[in-house]
Amino acid sequence: MKVVRAVQQCKKCNVPFSWNNIYRSFWGWVYKPIICENCGMKHRITVSGRFIVTLLTILPMLIFINFLSPFNNVLLTFAIGVFLAFIGSLLTPFLVRFKGA
């Protein structure tokens, strides 16, 4: 029976990455690679992983702000849109995959 892990693990030594390391690798203009703390192998985010990050953060915010907002207050609409993007970003470490470099 195969065990399914919630977060990805190192391709070389099978040590799971921490949620914090994965989450921090998304922030900034360039996706930072994750370096395994056990063996030092570098893992880079896949193209589909970048798509998932965008899909879960930017897309819900834009849909809410442009189409679903019931509010006439621009600041409240924007604040809720940013909140939705933040909630979506919290889910990304469980869905995004990295490849060993």
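Values in this document were obtained by computation on a predicted structure and should not be read as measured data.

Description of the sheet that holds strand β1 (residues 34–35)
By way of backbone hydrogen bonds, the strands of a sheet pair with one another, either parallel or antiparallel.
Now for step 1: Taken in spatial order, the three strands make up an open sheet running β1-β2-β3, and their pairing is antiparallel. Across the chains shown, the open sheet's two edge strands, defined by having one partner strand only, are β1 and β3 (98–100).
Now for step 2: Bridge analysis of β1 against strand β2 (residues 42–45) gives two bridges, and the strand direction is antiparallel. Bridged to Ile35 within β2 is Lys42.

A word on the packing of aromatic side chains
Now for step 1: Summed over all chains, the structure comprises three aromatic pairs.
Now for step 2: Ring centres of Trp19 and Tyr23 lie 4.8 Å apart, and the angle between their planes is 10°; on these two criteria the pair is classed as stacked. With Trp19 and Tyr23 both in helix α1 (residues 19–26), this residue pair falls four residues apart, about one helical turn.
Now for step 3: In this structure Trp19 comes out as partly exposed when scored by relative accessible area, which is 27%.
Now for step 4: Seen in terms of ring centroids, Phe26 and Tyr31 are 6.4 Å apart; in terms of plane orientation they differ by 80°. Their pairing is edge-to-face.
Now for step 5: When its relative accessible area of 8% is taken as the criterion, Phe26 is described as buried.

Observations concerning unusual backbone geometry
Now for step 1: The backbone of Asn14 shows a phi angle near 65°, a positive value even though the residue is not glycine.
Now for step 2: Here Asn14 lies in the segment before α1.

Notes on the confidence of the model for the protein
Now for step 1: Per-residue confidence for the protein gives a mean pLDDT of 85, with 92% of residues at or over 70.
Now for step 2: When the elements of the protein are averaged for pLDDT, β3 gives the smallest value, 86, and β2 the largest, 91.

Digging into α1
Now for step 1: Three or more residues of α1 are buried, namely Asn21, Ile22, Tyr23, Ser25 and Phe26.
Now for step 2: Residues of α1 that are buried make contact with β1, β2, α2 (47–68), α3 (74–95) and β3.

Here's the deal with the pairing of β2
Now for step 1: With burial as the criterion, only one face of β2 is covered, namely that bearing His43 and Ile45; the residues Lys42 and Arg44 on the opposite face remain uncovered.
Now for step 2: Between β1 and β2, which pair antiparallel and follow one another directly, the connecting turn spans six residues, one of which, Gly40, has a positive phi of 85°.
Now for step 3: Bridging between β2 and β3 involves three bridges; their strand directions are antiparallel. Note on β3: the bridge partner recorded for Ile45 is Phe98.

How each quantity is defined
- Residues numbered from 1 in each chain as written.
- Predicted model: local features only at pLDDT ≥ 70, side-chain atom pairs only at ≥ 80, totals over all residues.
- Heavy atoms only, no water.
- Pairing = 2+ DSSP bridges.
- Helix = DSSP H or I, 4+ residues; strand = E, 2+ residues; numbered from the N terminus.
- Phe/Tyr/Trp six-rings, centres within 6.5 Å; stacked < 30°, edge-to-face > 60°.
- Buried < 20%, exposed > 50% of the residue type's maximum accessible area, 1.4 Å probe, protein only.
- pLDDT = per-residue confidence, 0-100.
- Contact = heavy atoms within 4.5 Å.

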